[in-house]
Amino acid sequence: MLVDSHCHLDLIDPDLTSIETLLEDAAAQDVRHLLCVSVSLDNAPVVRALAARHAQVSASVGVHPNQTDGVEPTVPQLAALAQDPLIVAVGETGLDYHYGAEHADLQQARFRTHIRAAREVGKPLVVHMRSATDDTLRILAEERATDVGGVMHCFTEDWPTARRALELGFHISFSGIVTFKSAEPIRDAARQVPAERLLVETDAPYLAPVPFRGQQNRPAFVRQVADFVADLRGLSPAELDALVSRNFFALFPHAASKPISAPAAQPA
């Protein structure tokens, strides 16, 4: 089986396809589990409901660094939401100065709030890092995020940066960007990340991999990411699938308590 370690099922255009079809298409590619990641307090209940409805979906709770609308989360609020058995992680959180550098102070304060909530409930973090490498890694260290660990999702940095995150106890997850022609530094990191810290994801509906680049991404397309990374590392697709699935459930043990959907029986 294969796991999509980061997607946003609720943000995929429902006019193009249903959640049920997305999950069926994923299963056809042997993608048997998905982490649907929250980006705001408003969509957190929607994400949780998807996990409640579908055994192969787990959920997180968090507010994206670029989210500027709505109520600012507090540690008690996030911790209370994250206590839910269906919530396996805190995030998406982190820093993104590419679009929101003017909100750096707000982002940093919010990031610290998420880390403190994660430490309070003992669940790992889902970290977004874009154009803010030094501040992201510094805050993770200052707030003792190593106590809970987590994943640097949609990793777009080089190997030295990956090594710094690994030293803080984090996993590294690669998205469809690793398949882009311009992504050699990311591919170099994908070759070198220790096997036990490697994950793959779609970040659907964003960042569809080659050969689907430009289309709306979907969990089934994590197959292309996984096979590409397998080739980079000299592994068979089956070896890579088993590796990243094992890593996912080790990092997110609350997801392991959910039953995994088996493929539907085919008529003889």
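Quantities reported herein were computed from a predicted structural model and do not represent experimental measurements.

Visitor: It is not clear to me how the overall build of the protein should be interpreted in this structure. Could you clarify?
Guide: For the protein, the count of helices and strands is 11 helices and 8 strands. Relative to a compact globule of 268 residues, whose C-alpha radius of gyration would be 18 Å, the protein shows 17 Å and is just as compact. In terms of overall dimensions, the protein has C-alpha extents of about 60 × 40 × 30 Å along its principal axes. By residue count, 56% of the 268 residues in the protein fall in the buried class. Long-range contacts, defined as pairs at least 24 residues apart, comprise 72% of the intrachain contacts of the protein with a sequence gap of at least 6. Total accessible area on the protein stands at roughly 11,100 Å², and carbon and sulfur atoms take up 52% of it. Taking the average place of the 23 positive charges on the side chains of the protein and the average place of its 34 negative ones, the gap between the two points comes to 4 Å.

Visitor: Sorry if this is basic, but what is going on with the pairing of strand β7 (residues 170-174) here?
Guide: Two faces make up the sheet, and in a regular strand the side chains alternate between them. When you tally the buried positions in β7, you get 5 out of 5 residues, the bulk of the element. Neither face of β7 is exposed, since F170, I172 and F174 on one face and H171 and S173 on the opposite face are all buried. One crossover worth recording links strand β6 (residues 150-152) to the parallel β7 by way of helix α7 (residues 159-167), and it is right-handed. Pairing of β7 with strand β8 (residues 198-200), which is carried by 3 bridges, proceeds in the parallel orientation. Within β8, the residue paired with I172 across the bridge is L198. Running through helix α8 (residues 184-192), the crossover from β7 to the neighbouring parallel element β8 is right-handed.

Visitor: Looking at this structure, I do not really get the state of the cysteines. What am I missing?
Guide: As used in these notes, a disulfide is a covalent bond between sulfur atoms, one from each of two cysteines. In the structure shown here, the tally under the stated rule is 0 disulfides. Looking at C154, it has no disulfide partner, and the nearest cysteine sulfur is the one in C7, 13 Å off.

Visitor: Would you mind showing me how to read the packing of aromatic side chains here?
Guide: How two aromatic rings sit relative to each other is set out by the distance from centre to centre and by the angle between their planes. Counting across every chain of the model gives 4 aromatic pairs. Both rings, one in F248 and one in F249, keep their centres 5.1 Å apart while their planes meet at 90°; by these two values the pair is edge-to-face. Taken as a pair, F248 and F249 share a single burial class, namely buried. Each ring, one from F248 and one from F252, has its centre 4.9 Å from the other, and the planes form 50°; the classification is tilted. Given the relative accessible area of 0%, F248 is considered buried. With relative accessibility at 0%, the residue F252 sits in the buried group.

Visitor: Could you clarify how one ought to interpret the nonpolar core in this entry?
Guide: In summary, soluble globular proteins display a tendency toward joint burial of nonpolar side chains. Judged by nonpolar contacts, the single largest core of 73 residues is most densely connected at L9, L125, L140, M152, I172 and F174. One finds L35, V88, L199 and F252 within the second-largest nonpolar core, a separate group that totals 13 residues.

Cut-off values and rules
- Residues numbered from 1 in each chain as written.
- Predicted model: local features only at pLDDT ≥ 70, side-chain atom pairs only at ≥ 80, totals over all residues.
- Heavy atoms only, no water.
- Helix = DSSP H or I, 4+ residues; strand = E, 2+ residues; numbered from the N terminus.
- Rg over C-alpha atoms; globule rule 2.2 N^0.38 Å.
- Buried < 20%, exposed > 50% of the residue type's maximum accessible area, 1.4 Å probe, protein only.
- Contact = heavy atoms within 4.5 Å.
- Areas by Shrake-Rupley, 256 points an atom, 1.4 Å probe, with all protein chains shown as cover.
- Lys, Arg positive; Asp, Glu negative; His and termini not counted.
- Charge placed at Lys NZ, Arg CZ, Asp CG, Glu CD.
- Right-handed = clockwise from strand over helix to strand, strands pointing away.
- Pairing = 2+ DSSP bridges.
- Disulfide = S-S within 2.5 Å.
- Phe/Tyr/Trp six-rings, centres within 6.5 Å; stacked < 30°, edge-to-face > 60°.
- Core = buried A, V, L, I, M, F, W, Y, C linked by side-chain atoms within 4.5 Å.

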